[in-house]
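The residues making up each chain are set out below.
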Amino acid sequence: MSNDQEHESKASRNEQPNIVVILSDDHGAWAMGCAGNHEIRTPNLDRLADQGMRFSSFFCTSPVCSPARASLMTGRIPSQHGVHDWIRDGNVGDSAIQYLQGQTAYTDVLAGAGYVCGLSGKWHLGDSVTPQKGFTHWYAHQSGGSNYYNAPMIRDGELVNEPGYLTDVITDDALSFLDRQDGSKPFYLSVHYTAPHSPWIDNHPQEIVDSYDSCKFETCPQEPKHPWSIKTAPWSDDQRENLKGYFAAVTAMDTNIGRIVDKLDSMDIRKDTLLIYMGDNGFNCGHHGIWGKGNGTFPQNMYDTSVKVPAIFSQPGIIPQGQVCDNLVSGYDFLPTLLAYVGCDQPNTTRLPGSSFHSLLLGESAPMREQVVIYDEYGPVRMIRTTDWKYVHRYPYGPHELYNLNEDPDEKHNLIDLPGTQEQCIALRGELEAWFARYVDPMIDGAREGVTGFGQIGLAGVRGQGKKAYFE
């Protein structure tokens, strides 16, 4: 039997594929060549998009890293899993907290189904020293972000500082994990880069930074500073150097993604492997006058540039190649989709808000729904978004926002105070509140949490037993 016939027979028998999920940190959906950006160099992501399906409207569940990542892992929204902000405390040491303790992650399910699960890179969901959620290989960042050289990592349970460039080092570890797989069991590998998160200046290979010297950065126009922009945004710094660093971080990461794809090819398992690339949340590099994501402003924002993420799914012979899917999908749909793809049952079916888009990955039509709606939350800030409208509600007092996305796709004109839009506001707010009432755990309801955008330092709500949960 030829190699191609062997791959085809495996696919027809629907054997469980290997899985590699590459997750980046603060990568805006706009920052890829395959997404139409003519300035940034991402040849390997473009290649991956050519070999699979790119989603143009994939939304995170919360526009900041830890809550969004927790939702990907558990299929729950932040007001169900209790991670409402990026984890500032509880990562290492005597105060370590396992923020997802007692909650089932999709890696738990995969491990139970016989997968060998490995993590290379960022965890940032608490107690970074301890392997969790079915992972047996665990090479993790001690917190969630750092300088790219001399980065604080955890190797074999020991706290270490890695002298090399972190994006390279994470990839090296991932490739070593792949080298140890003998084909006796399917494997799952999380490659979690800290790129392209700040810092951007003096932190990336200089030859890549210098290659953007002549870039005009037309794709990142520096709009007037947003009135809610936080003080820590790099407005007083050299914005051009920051842009060069951000683009360089993406390109360096793209080079390493190429190393992973090439490795799967050289092992002759590319067709047996579901390869996924995603971002944890969106990012603004001057868009809307913001440097940052949802917490680039206070109160937090829900602009599409903050909540849309890059998402590419590829398995040659199974997923149609070179397709762009415009369907609205969310991070809370990821767990049911991945488990359906590999034939595993979904945990806690009645309590999870997402639905599988597995049929889309197979090139089939999605089940028809009356209206496709995306929901998002960041503490007391909540969003409902359809193909035509976006409504943002801030508990308890506002300000609120309403955008007609057909006429104003860049969200420049807030219609909330126009008399003719009140009926639309009432309808969307009613739908938003009904949806969250269905899924929220009232013990950790984000609408009642004092989330600042400056980090979570303890368990939320009743779980925290009255202790301070958020940094001020």
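Predicted, not measured: the structure shown is a model, and the values here were computed from it.

Visitor: Before we go on, may I ask you to explain the packing of aromatic side chains in this structure?
Guide: Given two aromatic rings, their pairing is described by the distance between the two centres and the angle made by the two planes. With the rule as written, the count across this model stands at 28 aromatic pairs. On the numbers, 6.4 Å between centres and 45° between planes, the contact of W30 with F247 is tilted. On the criterion of sequence distance, the pair formed by W30 in the loop between β1 (18-24) and α2 (43-50) and F247 in helix α8 (residues 239-266) is long-range, its members being 217 residues apart. Per residue, the accessibility class of W30 equals that of F247, and both read buried. An aromatic cluster of three or more residues is present, and its members are F55, F58, Y106, W123, F135, W138, Y188, F313, F334 and F357. Seen from the ring of F436, R382 lies directly overhead, with NZ or CZ sitting 4.2 Å from the centre.

Visitor: Teacher, can you tell me more about the confidence of the model for the protein chain here?
Guide: Note: predicted coordinates in regions of low pLDDT should not be interpreted at a detailed level. Considering every residue of the protein chain, the mean pLDDT works out to 94; 95% of them sit at 70 or more. Taken as a whole, residues 1-14 scores under 50 in pLDDT and shows 10 contacts with residues more than four places along the chain or in a different chain.

Visitor: It is not clear to me how the side chain of S146 should be interpreted in this structure. Could you clarify?
Guide: Its place among the elements puts S146 in the loop between β5 (135-141) and β6 (151-155). In this structure the side chain of S146 is engaged in a polar contact, spanning 2.9 Å, whose partner is the side chain of H141. Sequence-distant contacts of S146, that is, excluding residues within four places in its chain, are made with H141, A151, P152, L166, S198 and P199.

Visitor: Where do I start with the pairing of strand β7 (residues 158-162) in this structure?
Guide: Two faces make up the sheet, and in a regular strand the side chains alternate between them. Bridge analysis of β6 against β7 gives 5 bridges, and the strand direction is antiparallel. Residue pairing across strands places M153 opposite V160, the latter belonging to β7. Count of turn residues in the β6/β7 antiparallel hairpin: 2 residues, of which D156 carries a positive phi of about 55°.

Visitor: Explanation requested: the pattern of salt bridges in the structure shown.
Guide: Two side chains carrying opposite charge are able to pair once their charged atoms lie near each other. With the rule as written, the count across this model stands at 19 salt bridges. Where D262 meets R47, a salt bridge forms, and the shortest distance between an N and an O atom there is 3.2 Å. In this pair, D262 is assigned in helix α8 and R47 in helix α2, connecting sequence segments 215 residues apart. The exposure class assigned to R47 is partly exposed, which follows from its relative accessible area of 24%. Measuring nitrogen to oxygen at the nearest pair gives 2.8 Å for the salt bridge that ties K390 to D304. Separated by 86 residues along the polypeptide, K390 in strand β18 (residues 389-394) and D304 in helix α9 (residues 304-307) bring together distant segments of the chain. Residues joined by salt bridges that share partners form a network here, namely D304, R385, K390 and E411.

Visitor: I would appreciate a short explanation of the sheet that holds β1 in the present structure.
Guide: A sheet is described by the order of its strands in space; here 10 strands give the open sequence β7-β6-β5-β4-β8-β1-β9-β13-β2-β14, paired in mixed fashion. The open sheet has two edge strands, β7 and β14 (323-325), and neither has a second partner. Within this sheet the neighbouring strands show an average axis-to-axis angle of 15°, counted without direction. Both β5 and β6 contribute to a ladder of 3 bridges, which runs antiparallel. The residue of β6 that forms the bridge with A140 is I154. The strands touched by α2 are β2 (53-55), β9 (273-279) and β13 (311-314); relative to β13, the strand with the most contacts, the crossing angle is about 55°. Sheet strands in contact with helix α3 (residues 65-74) are β1, β5, β8 (187-192) and β9, and its direction is about 165° off that of β1.

Conventions used here
- Residues numbered from 1 in each chain as written.
- Predicted model: local features only at pLDDT ≥ 70, side-chain atom pairs only at ≥ 80, totals over all residues.
- Heavy atoms only, no water.
- Phe/Tyr/Trp six-rings, centres within 6.5 Å; stacked < 30°, edge-to-face > 60°.
- Helix = DSSP H or I, 4+ residues; strand = E, 2+ residues; numbered from the N terminus.
- Buried < 20%, exposed > 50% of the residue type's maximum accessible area, 1.4 Å probe, protein only.
- Lys NZ or Arg CZ within 6 Å of the ring centre and 35° of its normal.
- pLDDT = per-residue confidence, 0-100.
- Contact = heavy atoms within 4.5 Å.
- Polar contact = N/O pair within 3.5 Å; in protein donor to acceptor, adjacent residues only side chain to side chain.
- Pairing = 2+ DSSP bridges.
- Salt bridge = Lys/Arg side-chain N within 4 Å of Asp/Glu carboxyl O.
- Axes fitted to C-alpha atoms, helices over the stretch in contact; angles between N-to-C directions.

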